[in-house]
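Descriptive analysis of the structure
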Amino acid sequence: MGAAFLSSWPWDNLGIFKYVLYGPLVGKALASRAWEPASPDRWLCLLLALFALRAFTYQLWSSYSNMLFLTRRRRIVRDGVDFEQIDKEWDWDNFLILQIMMAATALYAFPSLRHLPGWNTGGLAVAALLHVAATEPLFYAAHRAFHGAHLFARYHALHHSNKVPTPFTAGFATPLEHLVLGLLMALPLAGACAAGLGSVGLAFAYVLSFDFLRAMGHCNVELFPGGLFRSLPFLRYLIYTPTYHTIHHTGKKANFCLFMPLFDRLGGTLDPESWELQRKNRAGTRGAGMDEAPDFVFLAHVVDVMQSMHVPFVMRTFASTPFAVRAFLLPLWPIALLFMFMVWAWSKTFIISYYHLRGKLHQIWAVPRYGFHYFLPFAKDGINDQIELAILRAERMGVKVVSLAALNKNEALNGGGTLFVNKHPDLRVRVVHGNTLTAAVILNEIPKGTTEVFMTGATSKLGRAIALYLCRKKIRVMMMTLSTERFQKIQKEAAAEDQQYLVQVTKFQSAEQCKTWIVGKWLSPREQRWASPGTHFHQFVVPPILGFRRDCTYGKLAAMRLPKDARGLGSCEFSLERGVVHACHAGGVVHFLEGYAHHEVGAIDVDRIDVVWEAALKHGIRPV
C-alpha cells in the first residue's frame, strides 16, 4: 500500500538544500530592497524575520531542556534522547517551510494584509477570544480525530513514535497535521484583520506565543511551581504544563488539548492524576530517575573554545555528530569565549550528558576548565580543587567509579590521580585514570610482525607502560627522550633479557626507517617530515597531531565502542564517531562492570594490560 496523501514531505530527499525553498522570498526581498522603510515589499523582511524568530524559539527551548545541570531533577521522561530519535527529528523545521509558504500565499492573495499598522490593542482582544472560541476546540476535535485508528496509523503515529518528548518533537509530524495546525493558528489573526484590528505586532506576538507554548509543552521539564495550581485552582483549566502534555505522549488516551485543559475537562479526556504528577515532577520526587545517584561518572574537560559548543545544550544536532570546526560556529565564537570566562570565574563541575548501561546510570561531568588552563602554572591548584570537589561530591552521592579524562589525570597535575587517593585514603568511590585500557588499545593496533617502533612521550605514564610491554614481546622500542636518567629508570624495570630492546634516541633522524610511530608528545609538521613514506602514526597525545603528511596515515586517539545495549546515547565524544568513547572512559566502565575494588591511579600496571583488555571484550566493549 502506498503512502497516505500528505503523510511525507515533498522535499524529504533534498537534505540541506531544502532551505533553497526560502529562496524566492529572500530573492524578492533583496531585489526590492525590502529592508528600507519606504519599500512596498517591507512585509517580506517582516515575514522572514518572524519565521527566523520562530526557529530560534524552538532552539532556545531545546537548549534549556538539555541543560541537565539546571533541569535533571525536574525531567519527566527520564530516559536519554538517543541518536535514532535525533536523526528522526533532524528535519523538525519542515513545518516552518510549509507555513511560510502558507503565509506568503495569504499575503499575495490579500494585498491589504501587507500594509497592517505596527500595533492595534483591540486586535489582541479579538485574537484571544477567537483562540479560545475557535482554535482551541477545533484543535481538540482534530487531535482526537487523528487518534482514531485510521488517521493515527497513517499520520499521527509518527509524532508519537519517539519515547522522549523534546521541543523539536513539536515539529516532528506529517504535512497534513501541520497544514491543519497552520490553518487553526491563522484563525485568530484572520478574524482580527477582518474586524479591521489586525497589526504586525499582533502577528508576531500571537505566533511566537503559540510556538513558545508548543515548545514548552514538549520540553520534558516541569516548569510550573507545584503550589501554583493549589493556590489558584482555576489555572488548571487555562494552561497546560509539560507534565500534562507528556501524559498524552506516553498514554495517548488523555490530555488532547492544545494549551487549555478546559477542553479535556469538557470532553471527558482529562487524566485525573495530571496535577499530582505535575507537583511531584516539579519537586523532583517522582521515582528515582535522573535524581538518582549515577553509578559511574566520567570526569571530562573542555578542549578549546570551539569544542565547548559541541554539547547538547548548544545545538543538539551538532553534538550528535563528531566534532569538527564548522563555518556556522564562527559567529558564535565570541559568545562561547564569554561563556569560558564565566565558567572559569564561577562554575563548579556540572553534568553534560548521560546514558544507561546494564540498567545503571552513567553520567558525564565536565570540569569547567579548557585545555590551555592545564598548562598555566597558576591554574594547577584551582583545577585540582575542582577535581577533588567532584570526587567528594561523587563520594557523597554513592558513585562507584569516577574516571578521569586526559588532562584531568596529567602526571604533572596530580600524579595520575594519586593526589586525591593519598589525600582521602578512605574513599569508597574508586578513582580511575583508565590508562591501562588506553595502553591496551594502542598495543592492539600495532600490526603483528612489527619488530621496531619509534615513540615520543616515551617516559610518560603511558609511554613507559607501552615500552615495557613491547620489549617483553621482543619488539625494539626507540624511546625519544633527552633525559637519560628517566630512560634508564624505565629500562631497569624491564627484565634483564628484555632491556636490550629499549633504546634511547634523542633525534628524529633515528626513526627515518621506522614505519610505526607511537606519538605521545605533540609533533610539528617539521618533525613529522623525518618519517618515511607509509609510516602510520599511533597517537595518545591530546589534542591529536595534525595530519600533515599525505603519504602517511594517522590513527585517532585510543577509543572503544560501548556495548550495543547502552541506551540514551545522543552526543559524540569530541571527534569520535557515534557510540565510541575515549579509551580512558571505556577503561572506567570496565573498572565498574568488573567491580574492581582498587583505585587505578599513578603508574600503569603492565601485568594488567591484557587482563583489562580481555575484560573489555567480555563486556562487549569493542575496538573501533
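Okay, so let's go over this structure. Bear in mind that the values here come from a model prediction, so they are computed numbers and not experimental data.

Considering the packing of helix α6 (residues 121–146) against helix α8 (residues 175–194)
- In contact at an axis separation of 7 Å, α6 and α8 are set at 160° when each is read in the N-to-C sense. Classified by the interaxial angle, the pair formed by α6 and α8 is roughly antiparallel. Between α6 and α8 the crossing geometry is right-handed. Taken together, the residues of α8 that come into contact with α6 (itself represented by Gly123, Val126, Ala127, Leu130, His131, Ala134, Thr135, Leu138, Phe139, Ala142 and Phe146) are Leu176, Glu177, Val180, Leu181, Leu184, Leu187, Pro188, Gly191 and Ala192.
- Within the contact of α6 with α8, the residues separate by chemical class into 15 nonpolar, four polar and one charged.

Digging into the sheet that holds strand β6 (residues 452–456)
- An order of β8-β7-β6-β9-β10-β11 is seen for the six strands of this open sheet, with the pairing classed as parallel. Either end of the sheet is taken by a strand with one partner, and the two such strands are β8 (502–505) and β11 (553–557). Each strand of the sheet is rotated relative to its neighbour by a mean of 20°, with strand direction disregarded.
- The pairing of strand β10 (residues 536–539) with β11 spans three bridges and is parallel. If you follow Gln539 over to β11, its bridge partner there is Leu557.
- Here helix α21 (residues 484–493) sits on the sheet in contact with β7 (476–480) and β8, set at roughly 175° to β8.

Quick look at the packing of helix α5 (residues 94–109) against α8
- Interhelical geometry of α5 versus α8 gives an angle of 45° and a closest axis separation of 10 Å. Considered as vectors, α5 and α8 are oriented oblique to each other. In this structure, α5 meets α8 at a crossing whose hand is right-handed. Contacts from Phe95, Leu98, Gln99 and Met102 in α5 reach Pro175, His178, Leu179, Gly182, Leu183 and Met185 in α8.

Let's talk about the nonpolar core
- Among the nonpolar cores identified, the biggest contains 65 residues, and Tyr355, Leu437, Ile466, Leu470, Leu502, Ile518 and Ile609 are the most heavily contacted of them.
- The greatest single-element share of this core, amounting to eight residues, is contributed by helix α20 (residues 461–472).
- Shared between two domains, this core takes at least three residues from each, and those domains are domain 2 (296–432 + 566–623) and domain 3 (437–557).
- When residues no more than four places from it in sequence are discounted, the contact partners of Ile466 are Ala439, Ile442, Leu443, Met455, Ile518 and Phe540.
- Ranked by size, the runner-up nonpolar core spans 50 residues in total, among them Trp9, Leu50, Val221 and Trp275.

Some words on the sheet that holds strand β3 (residues 360–367)
- In space, the five strands of this open sheet follow the order β2-β3-β1-β4-β5, with mixed pairing throughout. At either margin of the open sheet sits one strand with a lone partner, and together these are β2 (350–357) and β5 (430–432). With direction set aside, neighbouring strand axes in the sheet form an average angle of 20°.
- Direction of pairing for strand β4 (residues 401–404) relative to β5: parallel, over a ladder of three bridges. Of the residues in β5, the one forming a bridge with Val401 is Arg430.

A closer look at the packing of aromatic side chains
- This model, assessed by the stated rule, comprises 30 aromatic pairs.
- Aromatic pair Phe313 and Phe339: ring centres 6.4 Å apart, planes at 55°, arrangement tilted. Taken together, the positions of Phe313 in the loop between β1 (296–301) and α14 (316–319) and Phe339 in helix α15 (residues 333–346) put the pair 26 residues apart, joining distant regions of the chain.
- Given a relative accessible area of 32%, Phe339 falls into the partly exposed group.
- An aromatic cluster is built from Phe454, Phe508, Trp517, Phe537 and Tyr554, whose rings are joined through pairwise contacts.
- Over the ring of Phe256 we find Arg144, and its NZ or CZ is 5.6 Å from the ring centre.
- Positioned above the aromatic ring of Tyr596, the side-chain terminus of Arg608 is 4.8 Å from the ring centre.

What counts as what
Residues numbered from 1 in each chain as written. Predicted model: local features only at pLDDT ≥ 70, side-chain atom pairs only at ≥ 80, totals over all residues. Heavy atoms only, no water. Axes fitted to C-alpha atoms, helices over the stretch in contact; angles between N-to-C directions. Helix = DSSP H or I, 4+ residues; strand = E, 2+ residues; numbered from the N terminus. Parallel < 35°, antiparallel > 145°, perpendicular 65-115°, else oblique. Left-handed = near helix turned anticlockwise from the far one by under 90°. Contact = heavy atoms within 4.5 Å. Nonpolar A, V, L, I, M, F, W, Y, C, P; charged D, E, K, R; others polar. Pairing = 2+ DSSP bridges. Core = buried A, V, L, I, M, F, W, Y, C linked by side-chain atoms within 4.5 Å. Buried < 20%, exposed > 50% of the residue type's maximum accessible area, 1.4 Å probe, protein only. Domains from an automatic or database assignment. Phe/Tyr/Trp six-rings, centres within 6.5 Å; stacked < 30°, edge-to-face > 60°. Lys NZ or Arg CZ within 6 Å of the ring centre and 35° of its normal.

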